[in-house]
Amino acid sequence: MPAARTLRTIQDLADAGLVAPARAAGLEAVAARYAVAITPALAEAIGDADDPIGRQFIPTGDELVQAPEERADPIGDDAHSPVAGVVHRYPDRVLLKANHACAVYCRFCFRREMVGPDGVRPLSARELDAAMAYIAADSAIWEVIVTGGDPLILSPRRLADLMARLARIEHVKIVRFHTRVPAVDPGRVTPELVRALKAPGKTTWVALHANHADELTPAAAEACARILDAGIPMVSQTVLLKGVNDDAAALEALMRRFVELRIKPYYLHHPDLAPGTAHFRSTLGEGQALMRDLRGRVSGLCQPTYVLDIPGGHGKAPVGPCHVADGTVEDPWGERHVYPPA
């Protein structure tokens, strides 16, 4: 029977049949450290804890094992935060962390030390004023990426207020929202919420995070259509996860599904070095091999850029395979050809 409310405790998961009673006690320590939330829509899509969706959201004891290279702030947000709620790593764009809560909590989240009920508190009114003032004072800022947490758990009223404030900053032209909500809580994507994402003089984009084709249910497709039909373009973000999508067939199905829903595949992220996430990470070499395989299987419309956030705050770098070497070019099927031809 589908859950009637968001599942937030290990006992909730056990009652819903998502965690075996014999395992429940051993997972309380995980839930005490890292937030748990599984929406009714997501609970309905999970077959068991080891399927590609369950593996992303159901806690395991592996999360309490921290590898030496892992760190609380794996991509170095703090080093580039001039005021609370703003990360300014690149000259022309900033992250605006509007809140620090999510509709669901991923077991591999790179901000897992910051999000959730016991994480960083939401911005106060004064801190939000300071964040907006910072953005307004730097005319080089062309794009504001609204993230968190998940900004689409905010009410339409608060989202509309945020957009109205950004609309008053003339040099900001693009506002991009990063979210999982259309896939994990599609009923939240109401016409009122979609209207709140738009403001005169600004181009809004929505980046949807999904990691397996099974997440893109008919209800999720309808939620995305409400956004797209309002004239808001969408791109995708996916994390390469061992046991979820680390094979070419799974990535092919996911990228095709995105394109069928009018969502352009954007980034395939190599997993960040967040604490307790080593069991999700493949090697860069394995990721490059998957991207090489994907190149020969699907249209260019379906090709994301494989990227790594360099630890320490040094930004994203494309880390896909190189198809040019020693005067030859590799074709999509692995054959090499001299270029220019003799």
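Before any of the text, the structure's been laid out above.
Presented here is a report on the structure given in the accompanying data block. (Residues numbered from 1 in each chain as written. Predicted model: local features only at pLDDT ≥ 70, side-chain atom pairs only at ≥ 80, totals over all residues. Heavy atoms only, no water.)

## Here we look at the packing of aromatic side chains
Piece 1. The full count for this structure, using the stated rule, is two aromatic pairs.
Piece 2. Each ring, one from Phe108 and one from Phe280, has its centre 5.6 Å from the other, and the planes form 75°; the classification is edge-to-face. With Phe108 in the loop between strand E2 (93-97) and helix H5 (125-137) and Phe280 in the loop between strand E7 (263-269) and helix H11 (284-295), this pair connects stretches of sequence that are 172 residues apart.
Piece 3. We classify Phe280 as buried; its relative accessible area is 1%.
Piece 4. A cation over a ring is seen here: Arg93 above Tyr90, with NZ or CZ 4.0 Å from the ring centre.
Piece 5. Just above the ring of Tyr34 sits the side chain of Arg112; from NZ or CZ to the centre is 3.6 Å. (Phe/Tyr/Trp six-rings, centres within 6.5 Å; stacked < 30°, edge-to-face > 60°. Helix = DSSP H or I, 4+ residues; strand = E, 2+ residues; numbered from the N terminus. Buried < 20%, exposed > 50% of the residue type's maximum accessible area, 1.4 Å probe, protein only. Lys NZ or Arg CZ within 6 Å of the ring centre and 35° of its normal.)

## Some thoughts on a nonpolar patch on the surface
Piece 1. A surface patch of nonpolar side chains, about 300 Å² in accessible area, is lined by Val324, Val329 and Tyr339.
Piece 2. Relative to the elements of secondary structure, Val329 occurs in strand E11 (residues 328-330).
Piece 3. The class of Val329 is partly exposed, set by a relative accessible area of 31%. (Patch = residues over 30% accessible without salt bridge, like charges linked within 9 Å, V, L, I, M, F, W, Y side chains within 5 Å. Areas by Shrake-Rupley, 256 points an atom, 1.4 Å probe, with all protein chains shown as cover. Salt bridge = Lys/Arg side-chain N within 4 Å of Asp/Glu carboxyl O.)

## A few points about the pattern of salt bridges
Where charged atoms from two side chains of opposite charge approach closely, those side chains can pair.
Piece 1. Applying the stated criterion across every chain, the model contains 20 salt bridges.
Piece 2. Between Glu252 and Arg297 there is a salt bridge; the shortest N-O distance is 2.7 Å. Of this pair, Glu252 sits in helix H10 (residues 248-260) while Arg297 sits in the loop between H11 and strand E8 (305-309), and the two are 45 residues apart along the sequence.
Piece 3. We classify Glu252 as buried; its relative accessible area is 16%.
Piece 4. One salt-bridge network, held together by shared partners, links Asp77, Arg89, Lys97 and Arg111.

## A short note on the sheet that holds strand E4 (residues 174-179)
Two strands in a sheet stick together by hydrogen bonds in their backbones, pointing the same way (parallel) or opposite ways (antiparallel).
Piece 1. As summarised here, the arrangement of the nine strands in space is E1-E2-E3-E4-E5-E6-E7-E8-E9, forming an open sheet in which the pairing is mixed. What marks the edges here is a single partner per strand, and that holds for strand E1 (86-90) and strand E9 (316-318). Neighbour-to-neighbour, the strand axes of this sheet turn through a mean angle of 30°, independent of strand direction.
Piece 2. Pairing geometry for strand E6 (residues 234-239) and E7, over six bridges, is parallel. Pairing of Val235 across the sheet is with Lys264, part of E7.
Piece 3. Each of strand E5 (203-209), E6 and E7 is contacted by helix H9 (residues 218-228), which is oriented at about 140° to E6, the strand it contacts most.
Piece 4. Taken strand by strand, H10 contacts E5, E6 and E7, and its axis lies near 145° from that of E7. (Pairing = 2+ DSSP bridges. Axes fitted to C-alpha atoms, helices over the stretch in contact; angles between N-to-C directions. Contact = heavy atoms within 4.5 Å.)

## Quick word on the side chain of Arg176
Piece 1. Here Arg176 shows up in strand E4.
Piece 2. Within polar-contact distance, the side chain of Arg176 engages the side chain of Glu143 at 2.8 Å.
Piece 3. What Arg176 contacts, discounting residues up to four positions off in sequence, is Glu143, Val144, Ile145, Val146, Trp205, Ala207 and Tyr266. (Polar contact = N/O pair within 3.5 Å; in protein donor to acceptor, adjacent residues only side chain to side chain.)

## A word on helix H6 (residues 156-167)
Piece 1. Here H6 spans 16 Å end to end across 12 residues, near enough to the 16 Å set by a 1.5 Å rise per residue.
Piece 2. Buried positions along H6 lie against E2, H5, strand E3 (143-147), E4, helix H8 (191-196) and E5. (Expected span 1.5 Å × (residues − 1).)

## Regarding the packing of H5 against H6
Piece 1. Following both chains from N to C, one finds H5 and H6 inclined at 35°, their axes separated by 10 Å at the closest point. The handedness of the crossing between H5 and H6 comes out as right-handed. On the side of H5, the interface is formed by Leu128, Asp129 and Met132, while H6 contributes Leu162, Arg165 and Leu166.
Piece 2. Across the contact of H5 with H6, the residue classes tally to four nonpolar, no polar and two charged. (Left-handed = near helix turned anticlockwise from the far one by under 90°. Nonpolar A, V, L, I, M, F, W, Y, C, P; charged D, E, K, R; others polar.)

## Some thoughts on the packing of H10 against H11
The axes of two packed helices give the description: the angle between them and the distance between them.
Piece 1. Contact geometry for H10 and H11: axes closest at 10 Å, N-to-C directions at 55°. The orientation of H10 with respect to H11, classified from their angle, is oblique. Considering how the two elements wind past one another, H10 and H11 form a crossing that is right-handed. Across the interface between the two elements, Ala248, Leu251, Glu252 and Met255 from H10 touch Leu290, Asp293 and Leu294 from H11.
Piece 2. Looking at side-chain class alone, the contact of H10 with H11 contains five nonpolar, no polar and two charged residues. (Parallel < 35°, antiparallel > 145°, perpendicular 65-115°, else oblique.)

## What about the sheet that holds strand E12 (residues 336-338)?
Piece 1. Spatial ordering of the open sheet is given by E10-E11-E12, a layout of three strands whose pairing is antiparallel. This sheet does not close on itself; its edge strands, each paired only once, are strand E10 (324-325) and E12.
Piece 2. Pairing geometry for E11 and E12, over three bridges, is antiparallel. Across the sheet, the residue bridging to Thr328 is Val338, located in E12.

## Section: unusual backbone geometry
Piece 1. A cis amide bond, omega 15°, links Gly148 with the succeeding residue Gly149.
Piece 2. Along the chain, Gly149 falls in the loop between E3 and H6.
Piece 3. Here the residue pair Tyr339 and Pro340 is connected by a cis peptide bond, since its omega of -5° sits within 30 degrees of zero.
Piece 4. Inspection of the secondary structure assignment puts Pro340 in the segment after E12.
Piece 5. At Arg262, a residue that is not glycine, the phi angle is positive and equals roughly 75°.
Piece 6. We note that Asp326 has phi near 50°; this positive angle belongs to a residue other than glycine.
Piece 7. According to the relative accessible area criterion, Asp326 is exposed, its value standing at 81%.

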